[in-house]
There are 2 protein chains.
Amino acid sequence: MSHVFINGQWYRPEEAVISVFDRGFLFADGVYEVVPFYAGHALLFNDHLDRLDRSLGEVGISNPYPRDQWLSICQTLAESLTDANAVVYIQVTRGAEFPRQHLPSTEIEPTVMATASHWAPPTATSEPVRVELMEDIRWLRCDIKSVSLLGNIMLKREADKLGAFEPILHRAGRITEGASCNYFIVKNNVLYTPPADQLILAGITRDWILTLAEEAAIEVQEDAFSIQELMDADECFLSSSTREIQPVGFIGDQPINNGKTGPITQQLAELFRSNRPHVTHQIVKEHR
Amino acid sequence: MSHVFINGQWYRPEEAVISVFDRGFLFADGVYEVVPFYAGHALLFNDHLDRLDRSLGEVGISNPYPRDQWLSICQTLAESLTDANAVVYIQVTRGAEFPRQHLPSTEIEPTVMATASHWAPPTATSEPVRVELMEDIRWLRCDIKSVSLLGNIMLKREADKLGAFEPILHRAGRITEGASCNYFIVKNNVLYTPPADQLILAGITRDWILTLAEEAAIEVQEDAFSIQELMDADECFLSSSTREIQPVGFIGDQPINNGKTGPITQQLAELFRSNRPHVTHQIVKEHR
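Residues numbered from 1 in each chain as written. Chains lettered and ligands numbered in written order. Predicted model: local features only at pLDDT ≥ 70, side-chain atom pairs only at ≥ 80, totals over all residues. Heavy atoms only, no water.

1. Digging into the domain arrangement of chain A
Residues and elements named next belong to chain A.
In step 1: Segmentation of chain A into domains returns domain 1 (4-118) and domain 2 (129-276).
In step 2: Domain 1 and domain 2 are separated by 26 Å when their C-alpha centres are compared.
In step 3: Contacts between the two partners involve 20 residues from domain 1, matched on the other side by 18 residues from domain 2.
In step 4: Surface buried jointly by domain 1 and domain 2 totals about 1600 Å² across both partners, of which 65% is contributed by carbon and sulfur atoms.
In step 5: For the domain 1 face of the interface with domain 2, the top three residues by lost area are Tyr 32, Tyr 38 and Arg 51, together amounting to 34%.
In step 6: Inspection of the domain 1/domain 2 interface yields two salt bridges. (Domains from an automatic or database assignment. Contact = heavy atoms within 4.5 Å. Buried area = accessible area lost by both parts, 1.4 Å probe. Salt bridge = Lys/Arg side-chain N within 4 Å of Asp/Glu carboxyl O.)

So, in structure tokens, the structure goes:
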């Protein structure tokens, strides 16, 4: 049975409710994290919780729990699932108050919700997917991992209607990211990804891929690239906590590397999988 | 006692809950309307419900109720309050499903929530307020009245910290709107307001003010204006369903019309109040 944690209590999913006056529901006034667990061990747990702290700080919500309590909640959720392979979701909103008003009162208490769903961690590199180029209509603070995600959902639905795995977004011709992933290209053996400014979310997976690439002596450039540079790339892949490294074979109808997984993409995906036990054990030990 | 309507049932506010898996809570995947009632009569009800239909259409959620049912729900809510002076809030989200996934399933049923809070309709023109100029960080589909409002909340909190009534937002130097209102300026007896494109929400109050101005032979221009044109304006006011016409006396430290309510602002505010009974009775009669 799955569990849902709400403000210190545990519920079954069908019993897990919050007030309709929660500002998460009325104003998308909250932030979240998604932490992958591999056989009970969180990958890069501290990085995810550091980012939660940063998101909360940017929107002015205080973090209600110390880190060891967060780890305990997340571990409990992960261990409730088969093999403890879990995608743990945590959300913190500014809290509930009645009547609805844009400006929150200062005494409001944050709402915490956490839950987990089962997943199968990748054991091999997935087949390349097709993505669709679209205009990035989202806000200018995509560096905050907020639940204010309607733009992402609209773009994701539009990509899905076109039979694509994900959108690949651009703002005035400059590539930003996907609806729920970061993008990388390879050109002349150099790995490029957009810089971690306010137009993208600096993915934990993205950052770790950059570290792995540097350790493997692959040249890395955190530089904006254009639609034309994307189309001319030797390789392309996307990254996220649950998809790790996902090769991209087509941008719309345009094949990249003849629609096949490129060699540097393959090398990084293998490095990712072989290094997973290192960064999971390391993080969990630190907290226990 | 106030009421909350959720999916066909009535609750007290403290009992009014939704699933934590509602996509309104997880993804801000929903839209809303705010309808002012004056002594039990909705102002411009059809305009609000037309806009709800449009917002729902843009995000791909079907409207679960016919209009007479919406009117009945809203009337019941308004009549539960003293003098039936009510701000009725309605929200429709894509619905709840477990586990969380960006792409919604096709069978999901929308969630409807509606509630009301008491208000005192303006009986005179309010004193001028000070607003603060800020960069518009929101998404590029502000024409959809969505609950994806974290940007608005951040800007509203920032304005409040500066002691201002509202932010006045600009995108690359062009004025757009506030966190929850539209803006107008008067220059040489011409009334200007930004055009109803995808960067602003076309307020029901905004549209009616344009009609009232035209009927009063005031020249109207729906044209973008710059920060400099704002600072050089003869008059400035903001509009919303609950504030009607609110004079603006200062943009930061810059006085407008010496910090006083301008003559055209005063004329329009009086026209608004004197015409309210006309558009309320008209609308209610049409539906009963």
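2. What about the relation of the copies chain B and chain A?
In step 1: You can overlay chain B on chain A at an RMSD of 0.0 Å; the transform is a turn of 180° with a shift of 0.0 Å along its axis. Such a turn and shift between the copies fits a two-fold axis.
In step 2: Take the interface residues of chain B: 100% of them recur as interface residues in chain A, which is what a same-surface contact looks like. (Least-squares fit on C-alpha atoms with pLDDT ≥ 70 in both.)

3. Digging into the sheet that holds strand E2 (residues 9-11) of chain B
Residue and element names in this part refer to chain B.
In step 1: One open sheet accounts for six strands, arranged E2-E1-E7-E6-E4-E5; its pairing is antiparallel. The open sheet has two free edges, formed respectively by E2 and strand E5 (41-42), since each of these has just one partner strand.
In step 2: In the sheet, strand E1 (residues 4-6) pairs with E2 via three bridges, with the strands oriented antiparallel. Of the residues in E2, the one forming a bridge with Val 4 is Tyr 11.
In step 3: Against the sheet, helix H2 (residues 45-59) makes contact with strand E4 (30-38), E5 and strand E6 (86-93), and its axis sits at roughly 175° relative to E4, the strand it touches most. (Pairing = 2+ DSSP bridges. Helix = DSSP H or I, 4+ residues; strand = E, 2+ residues; numbered from the N terminus. Axes fitted to C-alpha atoms, helices over the stretch in contact; angles between N-to-C directions.)

4. Brief notes about the interface of chain B and chain A
In step 1: Across the boundary between the two partners, chain B contributes 60 residues, which contact 60 residues of chain A.
In step 2: Contact with chain A buries area across many residues of chain B, yet Phe25(B), His102(B) and Leu150(B) alone supply 15% of it, more than any other trio.
In step 3: Our count for the contact surface shared by chain B and chain A stands at zero salt bridges.
In step 4: Put simply, chain B and chain A have 18 residue pairs in polar contact (both at pLDDT 80 or more) between them.
In step 5: Only E1, strand E3 (17-19), helix H1 (23-27), E4, H2, E6, strand E7 (111-118) and helix H4 (150-161) of chain B provide two or more residues apiece to the side of chain B that touches chain A.
In step 6: For the side of chain B that touches chain A, the element with the most residues is H4(B), which contributes seven residues.
In step 7: Counted by class, the side of chain B that touches chain A contains 32 nonpolar, 14 polar and 14 charged residues. (Polar contact = N/O pair within 3.5 Å; in protein donor to acceptor, adjacent residues only side chain to side chain. Nonpolar A, V, L, I, M, F, W, Y, C, P; charged D, E, K, R; others polar.)

5. Quick notes on the nonpolar core
In step 1: One finds Val20(A), Leu191(A), Leu268(A), Val20(B), Leu191(B) and Leu268(B) to be the most contacted residues of the largest nonpolar core, which totals 80 residues.
In step 2: Not counting residues within four places of it along the chain, the set of residues in contact with Val20(B) comprises Val4(A), Ile6(A), Ala16(A), Val17(A), Ile18(A), Met113(A), Phe25(B) and Leu26(B).
In step 3: Counting 39 residues, the second largest nonpolar core, distinct from the first, contains Val35(A), Leu71(A), Leu199(A) and Leu169(B). (Core = buried A, V, L, I, M, F, W, Y, C linked by side-chain atoms within 4.5 Å. Buried < 20%, exposed > 50% of the residue type's maximum accessible area, 1.4 Å probe, protein only.)

6. Digging into the packing of H2(B) against helix H3 (residues 67-79) of chain B
Residue and element names in this part refer to chain B.
In step 1: The contact between H2 and H3 brings their axes to 11 Å, and the two run at 120°. Taken as axis vectors, H2 and H3 run oblique relative to one another. Here the hand of the crossing between H2 and H3 comes out right-handed. Here H2 contributes Phe 45, Asn 46, Leu 49, Asp 50, Leu 52 and Asp 53 to the contact with H3, which in turn contributes Arg 67, Trp 70, Leu 71 and Cys 74.
In step 2: Across the contact of H2 with H3, the residue classes tally to six nonpolar, one polar and three charged. (Parallel < 35°, antiparallel > 145°, perpendicular 65-115°, else oblique. Left-handed = near helix turned anticlockwise from the far one by under 90°.)

7. Here's the deal with the sheet that holds strand E5 (residues 41-42) of chain A
All names here are of chain A.
In step 1: With antiparallel pairing, the six strands of this open sheet are ordered in space as E2-E1-E7-E6-E4-E5. The open sheet terminates on both sides in strands that have one partner only, identified here as strand E2 (9-11) and E5.
In step 2: Both strand E4 (residues 30-38) and strand E6 (residues 86-93) contribute to a ladder of eight bridges, which runs antiparallel. The residue bridging Glu 33 from the neighbouring strand is Ile 90, located in E6.
In step 3: The strands touched by helix H2 (residues 45-59) are E4, E5 and E6; relative to E4, the strand with the most contacts, the crossing angle is about 175°.

8. Details of empty space enclosed by the protein
Residue and element names in this part refer to chain B.
In step 1: Tallied over the full model, the rule gives one cavity of 30 Å³ or more.
In step 2: Of the volumes computed, that of the largest cavity is approximately 60 Å³.
In step 3: Pro 122, Ala 124, Thr 125, Ser 126, Arg 243, Glu 244, Ile 245, Ala 269, Phe 272 and Arg 273 are the residues that line the largest cavity.
In step 4: The set of elements that each furnish at least two residues to the lining of the largest cavity consists of strand E15 (244-251) and helix H7 (263-287). (1 Å grid on protein atoms, 1.4 Å probe; cavity = no way out; pocket = protein on both sides within 12 Å on 5 of 7 lines; lining within 4 Å. Points joined across faces, edges and corners; volume = space filled by probe spheres on them.)

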